[in-house]
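Each chain, letter by letter, is given below.
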2 protein chains.
Amino acid sequence: MLEYEEGRTELKSLGKFALVERLTDGFDKHQSNTLCGVGDDCAVIACHDQLLTLATTNTLVEGIDFDMSYTPLRHLGYKAVAIAISNIAAMNGTPQQVMISVAISNRYSVEALEELYAGIRLCCNRYDVDLVGGDTSTTQSGMVLTATVIGQVDKHQITYRSGAKNNDLICVSGDLGSAYSGLLVLEREKINFIANPKEQPDLDSYDYVLERFLKPEPRMDIVQFLHEKDIVPTSMIDVSNGLASEMLLICQAGHCGCNIYEEKLPIDYQTTRVCSEISKNMMPVSNALNGGSDYELLFTIAQSDYDKVKESREVHIIGHITDGDAVLVTPQNTTIELRAQGFQNNDD
Amino acid sequence: MLEYEEGRTELKSLGKFALVERLTDGFDKHQSNTLCGVGDDCAVIACHDQLLTLATTNTLVEGIDFDMSYTPLRHLGYKAVAIAISNIAAMNGTPQQVMISVAISNRYSVEALEELYAGIRLCCNRYDVDLVGGDTSTTQSGMVLTATVIGQVDKHQITYRSGAKNNDLICVSGDLGSAYSGLLVLEREKINFIANPKEQPDLDSYDYVLERFLKPEPRMDIVQFLHEKDIVPTSMIDVSNGLASEMLLICQAGHCGCNIYEEKLPIDYQTTRVCSEISKNMMPVSNALNGGSDYELLFTIAQSDYDKVKESREVHIIGHITDGDAVLVTPQNTTIELRAQGFQNNDD
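Parameters at a glance
- Residues numbered from 1 in each chain as written.
- Chains lettered and ligands numbered in written order.
- Predicted model: local features only at pLDDT ≥ 70, side-chain atom pairs only at ≥ 80, totals over all residues.
- Heavy atoms only, no water.
- Pairing = 2+ DSSP bridges.
- Helix = DSSP H or I, 4+ residues; strand = E, 2+ residues; numbered from the N terminus.
- Axes fitted to C-alpha atoms, helices over the stretch in contact; angles between N-to-C directions.
- Least-squares fit on C-alpha atoms with pLDDT ≥ 70 in both.
- Contact = heavy atoms within 4.5 Å.
- Disulfide = S-S within 2.5 Å.
- Buried < 20%, exposed > 50% of the residue type's maximum accessible area, 1.4 Å probe, protein only.
- Salt bridge = Lys/Arg side-chain N within 4 Å of Asp/Glu carboxyl O.
- Right-handed = clockwise from strand over helix to strand, strands pointing away.
- Patch = residues over 30% accessible without salt bridge, like charges linked within 9 Å, V, L, I, M, F, W, Y side chains within 5 Å.
- Areas by Shrake-Rupley, 256 points an atom, 1.4 Å probe, with all protein chains shown as cover.
- Lys, Arg positive; Asp, Glu negative; His and termini not counted.
- Charge placed at Lys NZ, Arg CZ, Asp CG, Glu CD.
- Domains from an automatic or database assignment.
- Buried area = accessible area lost by both parts, 1.4 Å probe.
- Polar contact = N/O pair within 3.5 Å; in protein donor to acceptor, adjacent residues only side chain to side chain.
- Nonpolar A, V, L, I, M, F, W, Y, C, P; charged D, E, K, R; others polar.
- Parallel < 35°, antiparallel > 145°, perpendicular 65-115°, else oblique.
- Left-handed = near helix turned anticlockwise from the far one by under 90°.

Enquirer: Would you mind going over the sheet that holds strand β1 (residues 34-36) of chain A with me for this structure?
Expert: Pairing between the strands of a sheet is mediated by backbone hydrogen bonds and can be parallel or antiparallel. Residues and elements named next belong to chain A. What the six strands build is an open sheet, ordered β1-β2-β3-β6-β4-β5; its pairing is mixed. Lying at the two open borders of the sheet, with one neighbouring strand each, are β1 and β5 (130-138). Between one strand and the next, the sheet's axes are offset by a mean angle of 20°, whatever the strand orientation. For strand β2 (residues 43-46) and strand β3 (residues 51-61), the ladder comprises four bridges, and the chain directions are antiparallel.

Enquirer: I would appreciate a short explanation of the relation of the copies chain A and chain B in the present structure.
Expert: Between the two copies of the chain lies a relationship made up of a rotation around an axis and a movement along it. The two copies are related by a screw motion: chain A maps onto chain B through a turn of 180° and a shift of 0.0 Å along the axis, at an RMSD of 0.0 Å. Between the two chains, the operation in question is that of a two-fold axis. When the interface residues of chain A are mapped onto chain B, 100% of them again lie at the interface, so the same face is used by both copies.

Enquirer: Is there a simple way to think about the state of the cysteines in this case?
Expert: Residues and elements named next belong to chain B. According to the stated counting rule, one finds zero disulfides over all chains in the structure shown. Residue Cys 36 stays outside any disulfide, its sulfur separated by 8.7 Å from that of Cys 42, the closest cysteine. A relative accessible area of 2% places Cys 42 in the buried class.

Enquirer: Where do I start with the pattern of salt bridges in this structure?
Expert: Any two side chains of opposite charge can pair, so long as their charged atoms come close to each other. Residues and elements named next belong to chain B. Scanning the model with the defined rule gives 40 salt bridges over all chains in all. The residue Glu 10 makes a salt bridge to Arg 8 at a minimum N-O spacing of 2.8 Å. Judged by its relative accessible area of 27%, Arg 8 falls in the partly exposed class. Arg 107 is the partner of Glu 62 in a salt bridge, and the nearest nitrogen-oxygen pair spans 2.6 Å. In this pair, Glu 62 is assigned in the loop between β3 (51-61) and α2 (73-89) and Arg 107 in the loop between β4 (94-104) and α3 (110-126), connecting sequence segments 45 residues apart.

Enquirer: Can you help me understand the pairing of strand β5 (residues 130-138) of chain B in this one?
Expert: Every regular strand shows the same layout, with side chains that alternate between the two sheet faces. Residue and element names in this part refer to chain B. Burial of β5 is extensive: seven of the nine residues sit out of reach of the surface. Sheet topology places β4 next to β5; eight bridges connect them, and they run parallel. Each residue of the ladder has a partner; that of Ile 104, found in β5, is Thr 138. Handedness of the crossover joining β4 and β5 through α3: right-handed.

Enquirer: What's the story with a negative patch on the surface in this structure? I'm lost.
Expert: Residues and elements named next belong to chain A. Negative charge collects at one region of the surface, where Asp 202, Asp 204, Asp 207 and Glu 211 lie side by side. Checked against the element boundaries, Asp 204 lands in the loop between α4 (178-195) and α5 (207-214). A relative accessible area of 71% means that Asp 204 is categorised as exposed.

Enquirer: Sorry if this is basic, but what is going on with α5 of chain A here?
Expert: Along an α-helix, residues three or four positions apart point the same way, because every turn accommodates 3.6 residues. Those residues of α5 of chain A lying buried are Val 209, Leu 210, Arg 212, Phe 213 and Leu 214 of chain A. Buried residues belonging to α5 of chain A abut α2 (73-89), α4, α8 (269-278) and β10 (296-301) of chain A.

Enquirer: I'm lost on the environment of Val 209 of chain B in this one. Help?
Expert: All names here are of chain B. The topology assignment puts Val 209 in helix α5 (residues 207-214). Distance in space between the C-alpha atoms of Val 209 and Asp 268 is 9.0 Å, their sequence separation being 59 residues. Each residue touching Val 209, except ones within four places of it in the same chain, is listed here: Ser 178, Ala 179, Ser 181, Gly 182, Gln 270, Thr 271 and Val 274.

Enquirer: Hey, could you run me through the domain arrangement of chain A in this one?
Expert: Interface extent is often summarised as the accessible area lost during association of the parts. All names here are of chain A. We note that the domain assignment places domain 1 (31-154) and domain 2 (169-337) within chain A. Computed from C-alpha coordinates alone, the two centres of domain 1 and domain 2 are separated by 23 Å. Counting residues at the interface gives 23 residues for domain 1 and 21 residues for domain 2. Between domain 1 and domain 2, the buried area comes to about 1900 Å², and carbon and sulfur atoms account for 59% of it. On the domain 1 side of the interface with domain 2, the three residues burying the most area are Tyr 70, Lys 79 and Asn 92, jointly 33% of the side's total. The interface formed by domain 1 and domain 2 includes one salt bridge. Here Asp 67 ties to Lys 190 by a salt bridge, and the two come within 2.5 Å at their closest N and O atoms. Where domain 1 meets domain 2, there are seven residue pairs in polar contact (both at pLDDT 80 or more). For the side of domain 1 that touches domain 2, the leading source of residues is α2, giving nine residues. Grouping the constituent residues of the side of domain 1 that touches domain 2 by class yields eleven nonpolar, eight polar and four charged.

Enquirer: Would you mind going over the interface of chain A and chain B with me for this structure?
Expert: Each side of the interface is counted separately: chain A has 86 residues, and chain B has 86 residues. Between chain A and chain B the total buried area reaches about 7400 Å² when both faces are included, carbon and sulfur atoms providing 59% of it. Scanning the region where chain A abuts chain B turns up six salt bridges. A salt bridge links Arg 22 of chain B to Glu 114 of chain A; the shortest N-O distance between them is 2.6 Å.

Enquirer: I keep staring at the packing of α2 of chain B against α3 of chain B and nothing clicks. Help me out?
Expert: In a pair of packed helices, the angle between the axes and the distance between the axes together describe the arrangement. Residues and elements named next belong to chain B. Two elements in contact, α2 and α3, have axes separated by 6 Å at closest approach and are oriented at 40°. Judged by the angle between their axes, α2 and α3 are oblique. Seen from above, α2 lies across α3 with right-handed handedness. On α3, the residues touching Leu 73, Arg 74, Leu 76, Gly 77, Tyr 78, Val 81, Ala 82 and Ile 85 of α2 are Ala 112, Glu 115, Leu 116, Ala 118, Gly 119, Ile 120, Leu 122, Cys 123 and Arg 126. For the contact of α2 with α3, a count of residues per class yields twelve nonpolar, two polar and three charged.

Enquirer: I would appreciate a short explanation of unusual backbone geometry in the present structure.
Expert: Negative phi is the rule for most residues except glycine; trans is the rule for most peptide bonds. Here Asn 333 of chain A, not a glycine, exhibits a phi torsion of approximately 70°, which is positive. Mapping Asn 333 of chain A onto the fold places it in the loop between β12 (326-329) and β13 (335-337).

Below you can see the structure in the form of structure tokens.
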């Protein structure tokens, strides 16, 4: 390794996006059916006249992306597949096949792996996805789990990150910040458990936020809703790293700005409650903007589609695209520049 | 984890194939375009009338599949892609896109990762494959590298593991056992280096076997040859775990047996030389049968195709399919049952 030490640049010194950009710079395109490579939620490959193939891969690492002390293996298997499906949803597509690569230490038993696969199977059945392959390997310690999902999308329905236009409405599904609140509860109870091993963790009244973190659901119901309402969003992304970070990616890709209205952000009352419990300085809106792992869909639609979404309980209009900066508008009508200061996990 | 401890089955107690079978048991098929799932070199997905999509994923784990003390990162990147392409070759297909998921500790610098990606790029350019996505994650220690390759194959040319018929000729490309010989040399020099750190490793005269192990080439030239000669093999697999293990998989899938003739096995003189250096009891034929990582193609063809391959220097006819057992025939005309006692690495 010595030869690389001179002029060493630490991995931490680059953000994830800058790192990916640096590593993938200079790769040539060889295949005419490669329609979209690095830089969106999925790779897009021409399949036949009408259909495009989507492919995405996502890795979860023990000790970084999940903590075995509070992650049931069944939930972990479910989540690994769900996160990858969420990337297919973000292209307005339908997931069809999954390949699972699991590298695992001998600390785990066959029965533990079976629990993991029970969760994978549950998610496959829930979203009509076929397990079609993968790889099992040994590690010296810990577990690394990679899910690759393949799907399809009609070429008239595919939705990229780019494409947001001035005055488009900005929509988000579900609610924001709840998954991160679930993580905060789990971390708090872990610390309490280490301090007082005889006390049982107090998790009973946190079902919703815990499930949001441990067993997220990709919003295929929203993709279905968009198809039924004959809406093709002008841009879309899934919210894995916090709303601010994802909104900035849409603005960068679309060369536009946005006004996001703070009071329009959908925040569940349990998120608010957890914030007040954890610290009086913790603002729910900050969790919504910067907390990760919600796996909601963030998308923009033409104003002409307003009537089609206004009745939906699951789709919230939170702002609009501008030709200015990307800003949050507070209830006091001041503007704050959006920043990608998200809880930077590895799920994208 | 306590809930899983009762009746614990150790991972080591099951072979890789038995483990995969146990884990993937009970998964339903949901999608009509899934033509082949777990159990061949690639997943096969219907694309349009004429073309099928192939997908395969392969993981390499530091300390298990590669040893950083003698694996240049550029070679590692190349190898990760090459191994996955080899699975596409084994279906008689053409690789087109790759996604790379790398989980890496902060011990590595950005420059080290750039070396890895330089190798990935080299392999992509060599085989006209587009990098279309992936994931970068952190680990607490070590590196885990997963390559997912997507490709295409004409539906009249696709070759599964199953399909070998009685009297078909058994062919293998290149030579066998050389990659494992390369590994033996590297391991020997590593031990010498630990004992005598001031001495430089003696690797000069082992170029061929070292390259076979560190930088394998998928046999796309053989796929090209088959297309040019208008040969569709009746079955095919790539030799990742040793000839014996792969031949048994073809026999199991085709419900047949085979006669492999020991004296027909293609073995390079450097393989023979390394064996004699390492131990007087080490037989080159044993490396050919059980050494892994050669990534040659093993395939069966109808006897009527004999004239088309007999002149090839790169394709060797090593036996034929029978309706009996899977056996090795020695020069003394005794038969030995083939066993999957291969160097069981994680590359499949």
